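Topology and contacts: notes
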There are 4 protein chains.
Amino acid sequence: MDIGIIGGSGYTGGELLRLLANHPEANVVAVTSRNKKGQKVSDTHTHLRKIYDLEFEDLSMEDVASRSDIVFTAVPHGTAMQVVPKLLKAGVKVIDLSADYRLKTTVFEKVYKMKHIDPRDAVYGIPELHPEIPEQDFIANPGCYPTGASLASAPLADAGLIERAVFDSKSGISGAGAEPTNTSHYPNIAENIQAYKLTNHRHRAEIVQELTRLDGTLKKISFTPHVIPSVRGILTTAHIFVKREIDMDELTDIYNKFYSNKPFIRLINGIPMLGGVRGSNFCDIGFEVEQGSDRIVIISAIDNLVKGASGQAIQNMNLMFGLNETTGLWVPAIAP
Amino acid sequence: MDIGIIGGSGYTGGELLRLLANHPEANVVAVTSRNKKGQKVSDTHTHLRKIYDLEFEDLSMEDVASRSDIVFTAVPHGTAMQVVPKLLKAGVKVIDLSADYRLKTTVFEKVYKMKHIDPRDAVYGIPELHPEIPEQDFIANPGCYPTGASLASAPLADAGLIERAVFDSKSGISGAGAEPTNTSHYPNIAENIQAYKLTNHRHRAEIVQELTRLDGTLKKISFTPHVIPSVRGILTTAHIFVKREIDMDELTDIYNKFYSNKPFIRLINGIPMLGGVRGSNFCDIGFEVEQGSDRIVIISAIDNLVKGASGQAIQNMNLMFGLNETTGLWVPAIAP
Amino acid sequence: MDIGIIGGSGYTGGELLRLLANHPEANVVAVTSRNKKGQKVSDTHTHLRKIYDLEFEDLSMEDVASRSDIVFTAVPHGTAMQVVPKLLKAGVKVIDLSADYRLKTTVFEKVYKMKHIDPRDAVYGIPELHPEIPEQDFIANPGCYPTGASLASAPLADAGLIERAVFDSKSGISGAGAEPTNTSHYPNIAENIQAYKLTNHRHRAEIVQELTRLDGTLKKISFTPHVIPSVRGILTTAHIFVKREIDMDELTDIYNKFYSNKPFIRLINGIPMLGGVRGSNFCDIGFEVEQGSDRIVIISAIDNLVKGASGQAIQNMNLMFGLNETTGLWVPAIAP
Amino acid sequence: MDIGIIGGSGYTGGELLRLLANHPEANVVAVTSRNKKGQKVSDTHTHLRKIYDLEFEDLSMEDVASRSDIVFTAVPHGTAMQVVPKLLKAGVKVIDLSADYRLKTTVFEKVYKMKHIDPRDAVYGIPELHPEIPEQDFIANPGCYPTGASLASAPLADAGLIERAVFDSKSGISGAGAEPTNTSHYPNIAENIQAYKLTNHRHRAEIVQELTRLDGTLKKISFTPHVIPSVRGILTTAHIFVKREIDMDELTDIYNKFYSNKPFIRLINGIPMLGGVRGSNFCDIGFEVEQGSDRIVIISAIDNLVKGASGQAIQNMNLMFGLNETTGLWVPAIAP
């Protein structure tokens, strides 16, 4: 497969390149960046020296499409809706890593406070929850927080058992991007933790969309994100309040059945942590039932740049091309 | 005041010494440690070199009491109950930093799964919630998590407004003590976050005790702790579900009134973080009301070794001796 | 003493405020910032909430001088030379924390590649090496790296024993300031170490000036700095090649004599580390003689913002006003 | 190739497993651990869940040899000399990751203060410096510090240009192993840096052996290690004092020639850092000539667990089996 990447200078672009370097069927043929045109890709992504000899190019969408079998758009929201229709019109498959096509248009416009110039249906690309991905030519790749939160709670939503869900998520700072900011300034985040968007983070809308798709009666969904002194990873602590008593055996059974034959989900007998998934496409899930209470605590751990972004995008690509979803992604996490 | 410290080789002992070094009325006269008898205190607490010339001693409680006006017991739970009665019998004031006297005896025995050999009532030493501290000779100094969680939510509990409270807490690793363990091993916690005791941490009982004291009808209290890659600090994210609609103005009013004249509480217009309180006795509190929901998110930040342990103990000491509670503690946090 | 601070919004300004808050003779009366005029000082330095009620002001130097007994200038190099002469002309004592007056004018102009508009002699403010400080009205406060390097090696330079000195220094990132940059971006420095200015960092000139003042024959002085994933601190590894054999006893004797009656120098029997000095004005020094070699390794540890900047400035202030140099600074480091 | 690993529960064992998981010719057939016999390998190395289904076994060396084409011994020094002769006698190829066979026997016994029970010549396994590796059945895999230091300076040693070499190395804490210690206790190393073995670290002997092999006249070699708050990586700052003037062009030429056709060496126009090599087998090298001085500063960056241990071992294995040395190792570093 010949692959194009629109917007390759950020973290998700770099992560696509890192992961595709060891994909047996992938061949990156074009990486665009308007600002870095003519510079070597490995001058920006210095960890890719000797791995890639490509240069950033400033190409039309038509040019990228003509060279590629599939194109990943790794551009900011609001920009993706300008380039995606051109790519699709040119007949190439597209996976968009921005937020532009993840939500129903009306919801998108409300949450992102902008007019959508290319209203279009897209399948939301969590392969474990969307068996229809192999037939698609266009995928809206999910947000990092929604991936961790949805995978943690989908089996219970699907079973109609959730009364209330509170997602308290802790993310590595790479989710905020490659540009230095006050939040990412080392003295501000080291030895610290920063809660933000306490009640109204945009990603909540994606979580709501996915869980209510599984259980239309579910109404009470809360989400609060934090950044922690870690580069990668999202740990989601899902405090789930259930409609009826449930014990560990039944809970385990529900998760085992829901995620049977899902290679990247690891249900573990214990508590997941970021160190177990760093650099990999796995999502580790563990849980515990509170005695004498209606609360279940479910912990999920993902790498925000892999299962939360570029790895999941490649998993979607594999499915869209009839490959095994693990092709090129069956790589262990790096630990310690 | 002449001060004795029982068990001075750990982090809370070291922090008492650090803070008392600049207390104008305090004079540390004895620091005990069985293992380190005869060694200089500053060989263990190397940051205290030239500040203290004391040696660790192995003394009877009677000896310590005879030298001291007040004694801090900084020993493990189960040990405190062996030494506290001897000290009190010898007529000295005592502040116990262990868990032994924080809970009603029946609750203690159930939670800590041990027989209590010295059942005794003690005032729970959060000065902002216990005006009766100045009259006491004995104080049970609170746990670190309960301090952060109780201060975050007490005004709403006092107003009878809480339907359900979910405390999701993130602690620095110093809370686990000075002894190396797998959890505190740098490769295991750096760039990571570890949830633990998802539904049954012992500190939950203290939170329940404090909040139900303010609102006897409150039943639904959940608590899940995490350790993060930080040495100091506890950030508590309190997801509070309230009984009736409440807006920011009313909420602000409730907190302002409840904490008026409480010097160490800082109600901030924004989101607290650990960097604002490190090394200090302050508790920063901020909050946000979720639109169209019954959820309020309250964030509190403390230094677990100061307001969560040794600083609060000194605040209690000040009150027990008729001093201004800020004496020796009106020290800014260290930042960056 | 009434104190003015010119340029109070950065890290050294904040650290002056933090340290002066507990100085018994100090009263901060003016803090200037052109950009932040009218804002509360504690909105920028949030750790100082409730400690200071001051606002940043945009004042003339004459106004600041008229209110103050001493003024600290915490502005960038090149700016200090514009404000210092006005302050001195107005008759107030001044301590300049910039680089503008540390070097002989000819050396300054060569190293900083700029014309000096106010050539003027100033005493270089390392009190342990400059007994003439008490008589001064103006002090050039030293750089952070030169403080650590000079204190590590001055006794050997003074003894005329150094053949060659190689300073390999490791600094916390706060030395780069409060403004976010690529270097300070958390994903770029966490779990990393960045060497920079391998052979020509500007601070080398200060080290050369100080050491050759003690030994005019000393020629071979090298310096390479690094930033490490730490907010505060400078650890200097001084590889000193000596002219004749020397053993630990003689070496210890040289250091003990040189630093007798220097309260902030702690000669330790072991290897200093940043954790022992964080937040304090101490400089910890330890050393080892290589068997069968002409090499001695000396390690010094300081807090770059305290002994390497604002703490040393206050130490100088104390001396200039006839106070004990430890006044307000005899505060233990914070550990863990 | 069928592969056995003796001592698979530590970091180098885990890293062999991680890297071999994506080696197209490798098949791990046995992993021994006496303590963890019968436990799943992925219960210890939780990042390898679903990747390996192996259990730790407690096997005789003969059993391991009979199943394997090559055996890696990842056991402590002193233990390796007990198992290696049995494996070699059984006719299997061996790569020993301990220190037991790296040094000449007389040097080993002096440095490690123990009698060697199996004196035996072995080729020192830095492939870039030892073209004789392909013909070997037994390789002594180098120490992590000596790999970084030798690769940084070998071209200059080979050119006979070094008068004096001072290696100031900064290592991630994973080099100290998987067992918790005071040094690896998070509160002791976070926001800190710890120099140790200032003049007499055992790895110095390996550096001396390698460099004097290239230049028999070289005498002055110094080495001081530090641990920094990083899990992985070694940055070596080599302060090299040269015998005659040399400029950047000549220096670049020397390095380019020496390392032509060495795929894992990346000579970069800039300053290497750990972030560029994490998780990979690359060694990045950059340098600068000090103007008007005899000093050259060379920086090398490796991942201590990969090029400094398990990756280099696999590189040696590839060569011993006639494979391209990059087989299974041409994997980019993980960044950010």
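Each value, and the rule that gives it
Residues numbered from 1 in each chain as written. Chains lettered and ligands numbered in written order. Predicted model: local features only at pLDDT ≥ 70, side-chain atom pairs only at ≥ 80, totals over all residues. Helix = DSSP H or I, 4+ residues; strand = E, 2+ residues; numbered from the N terminus. Rg over C-alpha atoms; globule rule 2.2 N^0.38 Å. Buried ≥ 20, exposed ≤ 12 C-beta atoms within 10 Å, placed from the backbone. Contact = placed C-beta atoms within 7 Å. Domains from an automatic or database assignment. Nonpolar A, V, L, I, M, F, W, Y, C, P; charged D, E, K, R; others polar. Pairing = 2+ DSSP bridges. Least-squares fit on C-alpha atoms with pLDDT ≥ 70 in both. pLDDT = per-residue confidence, 0-100. Axes fitted to C-alpha atoms, helices over the stretch in contact; angles between N-to-C directions. Expected span 1.5 Å × (residues − 1). Bend = angle between axes of the 7 residues up to and from the residue. Parallel < 35°, antiparallel > 145°, perpendicular 65-115°, else oblique. Left-handed = near helix turned anticlockwise from the far one by under 90°.

**Brief notes about the overall build of chain A**
- Looking only at helices and strands, chain A has 10 helices and 14 strands in total.
- Its C-alpha atoms give chain A a radius of gyration of 19 Å, near enough to 20 Å, the size a compact globule of 336 residues would have.
- Projected onto its principal axes, the C-alpha positions of chain A cover 65 × 45 × 40 Å.
- For chain A, the proportion of its 336 residues judged to be buried stands at 60%.
- Restricting to contacts in chain A with at least 6 residues of sequence separation, those with at least 24 account for 71%.

**Examining the domain arrangement of chain A**
Residues and elements named next belong to chain A.
- Domain boundaries in chain A define domain 1 (2-121) and domain 2 (145-304).
- One C-alpha centre belongs to domain 1, the other to domain 2; they are set 27 Å apart.
- Counting residues at the interface gives 7 residues for domain 1 and 7 residues for domain 2.
- Among the elements that line the side of domain 1 that touches domain 2, the one with the most residues is helix α5 (residues 105-112), at 3 residues.
- Class assignment for the residues of the side of domain 1 that touches domain 2 results in 5 nonpolar, 1 polar and 1 charged.

**Topic: the interface of chain A and chain D**
- Taken together, the contacts link 24 residues of chain A with 24 residues of chain D.
- Along the lines of polarity and charge, the residues of the side of chain A that touches chain D split into 12 nonpolar, 7 polar and 5 charged.

**Considerations on unusual backbone geometry**
- A cis amide bond links Ala335(B) with the next residue in sequence, Pro336(B), at an omega value of 0°.
- In this structure, Pro336(B) sits in the segment after α10 (306-320).
- Phi angles above zero are rare outside glycine, and Lys50(D) is one such case at about 70°.
- In this structure, Lys50(D) sits in the loop between α2 (41-44) and β3 (56-57).
- The partly exposed category is assigned to Lys50(D), around which 15 C-beta atoms lie within 10 Å.
- Located in the positive-phi region is Lys113(D), a residue other than glycine, with phi close to 50°.
- In this structure, Lys113(D) sits in the loop between α5 (105-112) and β6 (123-124).
- On the neighbour-count criterion, Lys113(D) (8 C-beta atoms within 10 Å) is exposed.

**Comments concerning the sheet that holds strand β6 (residues 138-140) of chain C**
Residues and elements named next belong to chain C.
- Judged by pairing direction, the sheet is parallel, and its 6 strands sit side by side in the order β2-β1-β3-β4-β6-β5 without closing on themselves. Each edge of the open sheet is held by one strand with a lone partner, namely β2 (27-32) and β5 (123-124).
- The sheet contact formed by strand β1 (residues 2-6) and β2 spans 5 bridges and is parallel. Directly across from isoleucine 5, in β2, lies its bridge partner valine 31.

**Comments concerning the interface of chain B and chain A**
- Taken together, the 32 residues of chain B in the interface contact 32 residues of chain A.
- Among the secondary structure elements, those contributing two or more residues to the side of chain B that touches chain A are β8 (162-171), α7 (186-189), β9 (194-195), β10 (220-227), β11 (234-242) and β14 (295-302) of chain B.
- Residue composition of the side of chain B that touches chain A, grouped by class: 16 nonpolar, 10 polar and 6 charged.

**Remarks on the relation of the copies chain A and chain D**
- Taken as rigid bodies, chain A and chain D are interconverted by a rotation of 180° and an axial shift of 0.0 Å, the fit giving an RMSD of 0.0 Å. On the angle and the small slide along the axis, the relation comes out as a two-fold axis.
- Taken together, the interface assignments show that 100% of the residues at the interface of chain A recur at the interface of chain D, consistent with an identical surface on both copies.

**Comments concerning the relation of the copies chain B and chain A**
- Mapping chain B onto chain A calls for a screw motion: a turn of 180° about the axis and a shift of 0.0 Å along it, with 0.0 Å RMSD after fitting.
- When the interface residues of chain B are mapped onto chain A, 100% of them again lie at the interface, so the same face is used by both copies.

**Some details on the confidence of the model for chain A**
- With 100% of its residues at a pLDDT of 70 or more, chain A has an overall mean of 98.
- Reported confidences for the modelled complex are a pTM of 0.98 and an ipTM of 0.97.

**Some points on the sheet that holds strand β4 (residues 70-73) of chain D**
Residues and elements named next belong to chain D.
- Pairing is parallel across the open sheet formed by 7 strands, whose spatial order is β3-β2-β1-β4-β5-β7-β6. Each edge of the open sheet is held by one strand with a lone partner, namely β3 and β6.
- Along the sheet face, helix α1 (residues 11-20) touches β1 (2-6), β2 (27-32) and β4 and points at about 160° away from the line of β1.
- Packed onto the sheet, helix α4 (residues 80-89) meets β1, β4, β5 (93-96) and β7 (138-140) and runs at close to 165° relative to β5.

**As for the environment of Pro225(A)**
All names here are of chain A.
- By the secondary structure assignment, proline 225 is in strand β10 (residues 220-227).
- Sequence separation between proline 225 and valine 92 is 133 residues; the distance between their C-alpha atoms is 36 Å.
- Residues within four places of proline 225 in sequence aside, it is in contact with Tyr145, Ser169, Ser171, Tyr196, Lys197 and His201.

**Some remarks on the pairing of strand β10 (residues 234-242) of chain C**
Residue and element names in this part refer to chain C.
- Taking burial as the measure, the 9 residues of β10 include 8 buried ones, the bulk of the element.
- Sheet topology note: the strand β7 (residues 162-171)/β10 ladder contains 9 bridges and is antiparallel. Within β10, the residue paired with lysine 170 across the bridge is leucine 235.
- Judged from the 8 bridges that link them, β10 and strand β13 (residues 295-302) form a sheet pairing that is antiparallel. Counterpart to alanine 238 in the pairing with β13 is isoleucine 298.

**Some remarks on α10(B)**
All names here are of chain B.
- Over its 15 residues, α10 runs only 18 Å from end to end, short of the ideal 21 Å by more than 12%, given 1.5 Å per residue.
- Within α10, the axis deviates most sharply at glutamine 312, by approximately 45°.
- Counted residue by residue, α10 has 15 buried out of 15 residues, so it is predominantly covered.

**Describing the environment of Ile296(C)**
- Relative to the elements of secondary structure, Ile296(C) occurs in strand β13.
- Ignoring sequence-local partners within four residues, the contact set of Ile296(C) consists of Ile240(C), Val242(C), Leu251(C), Phe287(C), Val289(C) and Glu290(C).

**Remarks on the packing of helix α1 (residues 11-20) of chain A against helix α10 (residues 306-320) of chain A**
Residue and element names in this part refer to chain A.
- Look at α1 against α10: their axes get within 9 Å of each other, and the N-to-C directions meet at 50°. Considering the angle they form, α1 stands oblique to α10. Two packed elements cross with a definite hand, and for α1 against α10 that hand is right-handed. Of the residues in α10, those touching α1 at Thr12, Glu15, Leu16, Leu19 and Leu20 are Val306, Ala309, Ser310, Gly311, Ala313 and Ile314.
- Classifying every residue of the contact of α1 with α10 by side-chain character gives 7 nonpolar, 3 polar and 1 charged.

**Observations regarding the environment of Lys219(C)**
Residues and elements named next belong to chain C.
- Note on placement: lysine 219 falls in the loop between α8 (203-214) and β9 (220-227).
- Since 13 C-beta atoms lie within 10 Å of it, lysine 219 is described here as partly exposed.
- Considered as a pair, lysine 219 and arginine 164 are 55 residues apart in the sequence and their alpha carbons are 7.4 Å apart.

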